Each structure stands twice: as structure tokens, then as C-alpha cells.
Amino acid sequence: MTEVSTIGLDLAKNVFQAHGADAAGAPLFRKKLRRDQVLAFLAAQPPCVVAMEACPGAHHWGREIGRLGHTVKLIAPAYVKPFVKRQKNDAADAEAICEAAQRPTMRFVAVKSEAKQAAAVIFRARDVLVGQRTQLINAIRGHLAEYGLIAPQGPCHVERLIAQIEDPSSDIPQAARACLAVLVGTLRHLQEQTAALDAEIAARAKADDTARRLMSVPGIGPLIATAIEALAPPAETFRSGRDFAAWVGLTPVQRSTGGKERLGRTSRMGERTLRRLLIIAASAVVRWAKRKGVPAGSWLGQMLARKPPMLVIVAVANKNARIAWALLTKGGIYRAPAVTA
């Protein structure tokens, strides 16, 4: 009897779909499984490759299925989609996952440990709080603009508007002032919670040797250093710093054909939180360099002299990502190169 070689498992909340195939790719079974039947069914199968689409729940199932003796492989959904034949349903998805996993050049996502996922929670929580804070600031701006009260852009300038709300002599109607005071109280509470998470991140970075080495790079602070450790796959997963930068989404999209290179915008692949942090930090580095000046012969000085600011910002973020990969794989700290005239 032919033994199953690869099982494609389409994950769901309650009803999962399994597709088994032999080493040649011929289908052996298609089976629907309730959530409480999945582990028992896979425990009865001989050790084989179990493939799933990479999603938040996939890492939990990957750990549980790995304990049964199977080899777990996670595939990015974008790499599975080309293998779906015509109509999309759970059975077709499971078959596509199985076929994709059997491709010799397929790229896989490493299964995260519980500790790795737990370390990333703080960044997810912080993103939620920052998003809610932005919504509240925009709401306060919008309401006060109706009464002719405005302030410059940026979270640091919202205190001007809050002062108008808290000033009894301002022209804001009392009925509106009471409602706006609720928004102000919520905003301050969110700011306190965000500051507490920032303090926790800084403490983690201070206590971690790898994070301290990453912070030796200009443009990488405690937030980015701990984010790289928590959100990025192991550095050994990537062959080079360019591969890591491409995973973050800081390399241009290629639309080359006929021997002609055509490069587009940045690909924006990989981890969005990490990419955003690197871009924000790089913009601060470029802004500081334009304000204070840099040596004319330095790499950054040459880029600023001949490239648009946004392109320079992305280039700095790309460079920092490559340097971070080098420090993670080779050890040591960052040493700025000597500037030649």
C-alpha cells in the first residue's frame, strides 16, 4: 500500500480539510476534520510532511503536530494561490497546499516557538494603542476645527487644543466641552499605557546582549532592536543581508524582461511593523543629517547630494536592515567606516 508522503492541511475555526498525497503527488485521501479530530487523525498517520498556510494559528498547530513526529512546513499564502485550480474551496485549498509543499524550490516559514510569539505581543499591543491614539487626536482636531480652533500637525501639538478644551473662557459650547473632555481623558490614558509599553521595551533591550549590539547602529534604538529579535525569523534563515532586507520589504519590485532591468517601488513584503519602524528611524537620521550636516565624502552625504529625500530614507532603512543581519549572524558591534575625502 502506498504511504502518504505529504498532507496539505487547510486551517479553519471548526472544520479543517486534509489532502494526502504520495511521493509522486498522486492523491490518496481527501478528508474533512473537526477541530477536535485533527491531532488524533494525524497521530494515526505515518511520519510525513504536514504543510499549512502561514497564519497566526498555524504556529500553534505546527508545534502540536511537530510533537507527533511529523515534519511541519508553513507556506506563505501568496505562494499557495497559484496552485489553486479554478474554483476556491477548502478541498481545493488543501490540495494546493499539498502541491506547493512538494515543489523543490518552495520557500517555507519557520514555525515560531511560544516564547517567540509572546515576545511579539508587546509590539502588537503597542500598535493597537498607537492607532487608537491617532484616532482620538484626529477626532479632537476635527471637532475643534468646526469652532475655528486649529493646531500644527503632529501629536506633540495636540496639547494646544486640549488647553482650549480645558479653558472655561474659550468659545467652545459647554455641551461639546463635556464630550471632548471624555476624548481627552481617554487620550491621556492611552498615552500612559503606551509610555508603559515603551518603558518595558527599553528594559528588555537593556537586558538583552543582542539588542544592545544592534543599538550600536545609527538609526536602531531599543524599539527596533527588540522588534528585530521578536518579529523576524532566525537570521540564519536568510542567505545574505539583501535577502533579509527584501523580506522586510525594503528592496524594489522587479518587472524585468527581455534582458532589461525595470525596478519599481519597494516591495513592502514581510513584517509591516518592522518595516515601518525602520523607515521612521531612517527618516529621523536623514532629517538630522540635513539639519546638522554630514561629511561630504560619506555615503549618506553623497546620497543626499544626488538623490531625493524619500529615496535616501528607504536606502538608509535598507542599509540598517543589512547591518542588523550581519551583526546577528557574525556577532560584534557596528563600527562606522572611515570617511574618505
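Definitions and cut-offs
Residues numbered from 1 in each chain as written. Predicted model: local features only at pLDDT ≥ 70, side-chain atom pairs only at ≥ 80, totals over all residues. Heavy atoms only, no water. Helix = DSSP H or I, 4+ residues; strand = E, 2+ residues; numbered from the N terminus. Buried < 20%, exposed > 50% of the residue type's maximum accessible area, 1.4 Å probe, protein only. Core = buried A, V, L, I, M, F, W, Y, C linked by side-chain atoms within 4.5 Å. Contact = heavy atoms within 4.5 Å. UniProt positions renumbered as here; feature names shortened; annotations may be inferred. Pairing = 2+ DSSP bridges. Axes fitted to C-alpha atoms, helices over the stretch in contact; angles between N-to-C directions. Parallel < 35°, antiparallel > 145°, perpendicular 65-115°, else oblique. Left-handed = near helix turned anticlockwise from the far one by under 90°. Nonpolar A, V, L, I, M, F, W, Y, C, P; charged D, E, K, R; others polar. Salt bridge = Lys/Arg side-chain N within 4 Å of Asp/Glu carboxyl O.

> Please give an account of unusual backbone geometry that cites residues and values.
With phi around 50°, Arg86 is a residue other than glycine that occupies positive phi space. By the element assignment, Arg86 lies in the loop between helix H3 (77-80) and helix H4 (90-101). Arg86 gets classed as exposed once you look at its relative accessible area, which sits at 83%.

> If you had to explain the nonpolar core to someone new, which residues and values would you point to?
Leu214, Ile220, Ile224, Phe244, Leu250, Leu274 and Leu278 are the most contacted members of the largest nonpolar core, which has 43 residues in total. Those elements that place two or more of their residues in this core are helix H5 (114-145), helix H7 (174-207), helix H8 (209-214), helix H9 (222-231), helix H10 (241-248), helix H11 (272-292), helix H12 (299-306) and helix H13 (309-330). Element by element, the count of residues in this core is highest for H13, at eleven residues. In contact with Ile224, not counting residues within four places along its chain, are Gly219, Leu274, Leu277, Leu278 and Ala281.

> So, the UniProt feature "domain: Transposase IS110-like N-terminal" (unreviewed entry) in the protein chain: which residues are in play, and what are the values?
Sequence positions flagged by UniProt for "domain: Transposase IS110-like N-terminal" (unreviewed entry) are, in local numbering, residues 7-147. With 46% helix and 21% strand, residues 7-147 has end C-alpha atoms that lie 63 Å from one another.

> Account for the side chain of Thr194, naming residues and giving values.
Mapped onto the fold, Thr194 is located in helix H7. When its relative accessible area of 2% is taken as the criterion, Thr194 is described as buried. When residues no more than four places from it in sequence are discounted, the contact partners of Thr194 are Arg126, Leu129, Val130 and Arg133.

> Could you give an account of the pairing of strand E2 (residues 15-21), naming the residues involved and the relevant values?
Taking burial as the measure, the seven residues of E2 include six buried ones, the bulk of the element. Looking at chain direction, strand E1 (residues 6-10) and E2 are connected through five bridges and run antiparallel. Within E2, the residue paired with Gly8 across the bridge is His19. Following E1, the chain reverses through four residues before pairing antiparallel with E2. Pairing geometry for E2 and strand E3 (residues 27-34), over seven bridges, is antiparallel. What sits directly across from His19, in E3, is Arg30. Joining the antiparallel neighbours E2 and E3 is a turn of five residues, in which Gly25 adopts a positive phi near 95°.

> Explain the sheet that holds E1 to me, using residue names and the numbers behind them.
Taken in spatial order, the five strands make up an open sheet running E3-E2-E1-E4-E5, and their pairing is mixed. Looking at which strands have only one partner, the edges of the open sheet turn out to be E3 and strand E5 (71-75). Direction aside, neighbouring strands of the sheet carry axes that sit 20° apart on average. The strands touched by H4 are E1, E2, E3, strand E4 (49-53) and E5; relative to E1, the strand with the most contacts, the crossing angle is about 140°.

> Any chance you could break down the UniProt feature "domain: Transposase IS116/IS110/IS902 C-terminal" (unreviewed entry) in the protein chain for me, citing the residues and the numbers?
UniProt marks residues 211-289 with the feature "domain: Transposase IS116/IS110/IS902 C-terminal" (unreviewed entry), using the numbering shown here. Annotated as residues 211-289, this span is 51% helix and 9% strand, and its ends, taken at the C-alpha atoms, are 24 Å apart.

> Describe the environment of Ala181, with residues and values.
Among the secondary structure elements, Ala181 is positioned in helix H7. For Ala181, a relative accessible area of 42% translates into the label partly exposed. Note: C-alpha distance between Ala181 and Glu166 (15 residues apart in sequence) is 7.6 Å.

> Before we move on, can you summarise the packing of H5 against H9 with the specific residues and values?
The geometry of H5 relative to H9 is characterised by a closest axis approach of 8 Å and an angle of 135° between their N-to-C directions. By the angle between their axes, H5 is oblique relative to H9. Of the two elements, H5 crosses H9, and the hand of that crossing is left-handed. Taking contact as the criterion, the partners of Lys116, Ala119, Ala120, Phe123, Arg124 and Arg126 in H5 are, on H9, Leu223, Thr226, Ala227, Glu229, Ala230 and Leu231. Its residues assigned to classes, the contact of H5 with H9 shows seven nonpolar, one polar and four charged.

> Help me get a handle on the pattern of salt bridges, residues and values and all.
A side chain of one charge can pair with a side chain of the opposite charge if their charged atoms are brought near each other. In this structure the tally under the stated criterion is 14 salt bridges. Between Arg126 and Asp198 there is a salt bridge, with the nearest N and O atoms lying 2.6 Å from each other. With Arg126 in helix H5 and Asp198 in helix H7, this residue pair connects regions lying 72 residues apart in the sequence. For Arg126, a relative accessible area of 17% puts it in the buried group. Here Asp209 ties to Arg212 by a salt bridge, and the two come within 3.4 Å at their closest N and O atoms. Note that Asp209 and Arg212 are positioned in helix H8 at a spacing of three residues, about one turn of the helix. Classification of Asp209 as partly exposed rests on a relative accessible area of 45%.

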